[in-house]
Amino acid sequence: MARIGVLGGGRWGTALSLHLARQGHQVLVFDIKSEVVESLRRGQNPYWEDVDTPKGIDATTELLEVIGFSQVLLLALPVQSIREALKDVDLNGKKVVSASKGLEVETSLRVSQILKEISPHCEVMCLSGPSFAREVAKGLPTAVVLAGEEEESLRYVQSLFFSPYFRVYLSTDLVGVELGGSLKNVVAIACGVSDGLGFGDNARAALITRGLAEMVRLGEKLGAKRETFYGLSGLGDLVLTATSSQSRNYTLGYLLGKGHSLSSALEKIGQVVEGVHTVMAVVKLSQELDVRAPISYAVYRLLQGEDPLQVAHQLLMNPPPHREFE
Ligand SMILES: NC(=O)c1ccc[n+]([C@@H]2O[C@H](COP(=O)([O-])OP(=O)(O)OC[C@H]3O[C@@H](n4cnc5c(N)ncnc54)[C@H](O)[C@@H]3O)[C@@H](O)[C@H]2O)c1
Ligand SMILES: O=P(O)(O)OC[C@H](O)CO
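Since this is a predicted model, take the numbers as computed values, not measurements.

Enquirer: Is there a simple way to think about the pairing of strand 2 (residues 26-30) in this case?
Expert: Moving residue by residue along a regular strand, the side chains alternate between the two faces of the sheet. In terms of burial, strand 2 is largely enclosed, as four of its five residues are buried. Both strand 1 (residues 3-7) and strand 2 contribute to a ladder of five bridges, which runs parallel. Of the residues in strand 2, the one forming a bridge with R3 is Q26. Between strand 1 and its parallel partner strand 2, the chain crosses via helix 1 (residues 11-22), and the hand of that crossover is right-handed. Two elements, strand 2 and strand 3 (residues 57-60), share four bridges in a ladder whose sense is parallel. Across the sheet, the residue bridging to V29 is A59, located in strand 3. Taken together, strand 2, helix 2 (residues 34-41) and strand 3 constitute a β-α-β crossover, and its handedness is right-handed.

Dropping the structure here:
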């Protein structure tokens, strides 16, 4: 049994807390929203009425209380809030497992890089893969990957999460696992737009495949291993997110394709949509590194308010015919 602090009592932080408490761990959740904290303190999860909340979960609005309590810290905050939220705390010597998926807009950094800037001697791992919060909360079968640099820590954290319905595979490609979970959100927006425009199943399959190629091109330039993108945190999460109306990123794209403005789509969803921010960093990185990223550029232009049909036609028509792999 371990003491696990969870930073962020949103859907993902809560689903993982439910799972960890069911494994017999003691969980303390931190969130800025008092209604989330109060609900967890009453023994009720704030999001899913049909999911029982096991004993072993407490919650607080005091960040330092969670840091002091935890043997392992699980980070499930929206990526753009991480630096500000953690700027005054000392995470040196802590094992931090990031479950957030995205890049920081200002710096284009991954979560592990942000954490290392804040506390250079913390040990960061990343838990990622195809995993909708609601399904994990309900205890439905899920497989994810845990990446990090220290074999012993990976095995320890794997043992904390592992259960018959929550399989955790290990990887030493931290860069690739973080990038897979971040970049797939942008491709999922594109697939949602395509479906919203009524382009059909062929178009979505093409976008997923060419989107994966785009993720690999950028990922390799940033130091990731190609094979990681064909695993759970890459293709696995891309397929899940780009084909399901449970995904906020896909839904955002779908609403844009149906003619909603960005602000009205975001308001309708009312939860964090990481791809909206990550695409800014992706466009900047692909320019700096001279990587072809037509799908990400198309998403970027859409989010600037350009007409979805026009952007889609340009995406399809602009590139001259070329080989599939070159
Ligand atoms: N929901 C999923 O299915 C899922 C699955 C895997 C990964 N993720 C990732 O998890 C991260 C969080 O997503 P979510 O679905 O939980 O979002 P959410 O919109 O459900 O909740 C976000 C939570 O973060 C809290 N928060 C925001 N800023 C904060 C701060 N400074 N301090 C403390 N709390 C703060 C909010 O109060 C809210 O409770 C994202 O990076 C997302 O990509 C989500
Ligand atoms: O709802 P989304 O689009 O943020 O996706 C959630 C998870 O990343 C799925 O693995």
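Picking up where we left off.
Enquirer: Can you help me understand the sheet that holds strand 8 (residues 166-171) in this one?
Expert: Backbone-to-backbone hydrogen bonds pair the strands of a sheet. The strands run either parallel or antiparallel. With mixed pairing, the eight strands of this open sheet are ordered in space as 3-2-1-4-5-6-7-8. On the outer flanks of this sheet lie strand 3 and strand 8, each paired with one strand and no other. Neighbouring strand axes in the sheet, compared pairwise and without regard to direction, differ in orientation by 25° on average. In terms of strand pairing, strand 1 meets strand 4 (residues 72-75) through four bridges, oriented parallel. In the sheet register, V6 faces strand 4, and the bridge partner there is L74. With respect to the sheet, helix 1 is in contact with strand 1, strand 2, strand 3, strand 4, strand 6 (123-128) and strand 8, its orientation differing from that of strand 2 by roughly 165°.

Enquirer: Sorry, what's going on with the confidence of the model for the chain here?
Expert: Should pLDDT be low for a region, the predicted coordinates there are not to be read in detail. For the chain, the mean per-residue pLDDT works out to 96, and 100% of the residues sit at or above 70. On the interface metric, ipTM, the complex scores 0.99, and its pTM is 0.98.

Enquirer: It is not clear to me how the site of ligand 2 should be interpreted in this structure. Could you clarify?
Expert: In the region of ligand 2, 13 residues are neighbours, and K184, D237, S247, R248 and N249 sit closest. Backbone polar atom of G129 to an oxygen atom of ligand 2: 3.3 Å apart, as the coordinates give it. The contact in question runs from an oxygen atom of ligand 2 to an N or O atom on the backbone of S131, over 3.1 Å. Considered on its own, ligand 2 offers 300 Å² of accessible surface; in the complex 92% of this is hidden by protein. Put simply, the parts of the chain that give the shell around ligand 2 at least two residues each are helix 10 (232-242) and helix 11 (248-257). Here the shell around ligand 2 gets three residues from one element, more than from any other, and that element is helix 10. Each of domain 1 (3-172) and domain 2 (175-317) accounts for three or more of the residues forming the shell around ligand 2.

Enquirer: Explain the UniProt feature "domain: Glycerol-3-phosphate dehydrogenase NAD-dependent C-terminal" (unreviewed entry) in the chain here, please?
Expert: The UniProt entry lists residues 173-311 under the feature "domain: Glycerol-3-phosphate dehydrogenase NAD-dependent C-terminal" (unreviewed entry), expressed in the numbering used here. With 73% helix and 0% strand, residues 173-311 has end C-alpha atoms that lie 34 Å from one another.

Enquirer: Would you mind going over the domain arrangement of the chain with me for this structure?
Expert: Interfaces are frequently sized by the accessible area removed from exposure as the parts join. By domain assignment, the chain separates into domain 1 (3-172) and domain 2 (175-317). Computed from C-alpha coordinates alone, the two centres of domain 1 and domain 2 are separated by 25 Å. Taken residue by residue, the interface counts 30 residues in domain 1 and 30 residues in domain 2. Around 2,300 Å² of area is buried between domain 1 and domain 2 when both sides are counted, 63% of it from carbon and sulfur atoms. Taken as a group, K101, L103 and F132 account for 29% of the area that domain 1 buries against domain 2, more than any other trio of residues on that side. Here domain 1 and domain 2 share two salt bridges between them. Two residues, E178 and R110, come together in a salt bridge whose shortest N-O distance is 2.6 Å. Between the two partners, domain 1 and domain 2, sit twelve residue pairs in polar contact (both at pLDDT 80 or more). Sorting the residues of the side of domain 1 that touches domain 2 by element identifies helix 4 (79-86), helix 5 (111-118), strand 6, helix 6 (133-137), strand 7 (142-147) and strand 8 as the ones contributing at least two each.

Enquirer: What is the right way to read unusual backbone geometry from this model?
Expert: Leaving glycine aside, a negative phi is the common case for residues, and trans is the common case for peptide bonds. Look at S108: it is not a glycine, yet its phi comes out positive at around 65°. Inspection of the secondary structure assignment puts S108 in the loop between strand 5 (95-98) and helix 5.

Enquirer: I tried to follow the site of ligand 1 on my own but got confused; where do I start?
Expert: Taken together, 24 residues surround ligand 1, and among them R11, W12, D31, A133 and E274 come closest. Note that an oxygen atom of ligand 1 is positioned 2.8 Å from one of the backbone N or O atoms of A133. For ligand 1, an oxygen atom lies 3.0 Å from a polar atom in the side chain of R248. Alone, ligand 1 offers 830 Å² of accessible surface; in the complex the protein occludes 89% of this. Of all the secondary-structure elements, those providing two or more residues to the shell around ligand 1 are helix 1 and helix 4.

What counts, and at which threshold
- Residues numbered from 1 in each chain as written.
- Chains lettered and ligands numbered in written order.
- Predicted model: local features only at pLDDT ≥ 70, side-chain atom pairs only at ≥ 80, totals over all residues.
- Heavy atoms only, no water.
- Buried < 20%, exposed > 50% of the residue type's maximum accessible area, 1.4 Å probe, protein only.
- Helix = DSSP H or I, 4+ residues; strand = E, 2+ residues; numbered from the N terminus.
- Pairing = 2+ DSSP bridges.
- Right-handed = clockwise from strand over helix to strand, strands pointing away.
- Axes fitted to C-alpha atoms, helices over the stretch in contact; angles between N-to-C directions.
- Contact = heavy atoms within 4.5 Å.
- pLDDT = per-residue confidence, 0-100.
- Near = heavy atom within 4 Å.
- Polar contact = N/O pair within 3.5 Å; in protein donor to acceptor, adjacent residues only side chain to side chain.
- Areas by Shrake-Rupley, 256 points an atom, 1.4 Å probe, with all protein chains shown as cover.
- Domains from an automatic or database assignment.
- UniProt positions renumbered as here; feature names shortened; annotations may be inferred.
- Buried area = accessible area lost by both parts, 1.4 Å probe.
- Salt bridge = Lys/Arg side-chain N within 4 Å of Asp/Glu carboxyl O.

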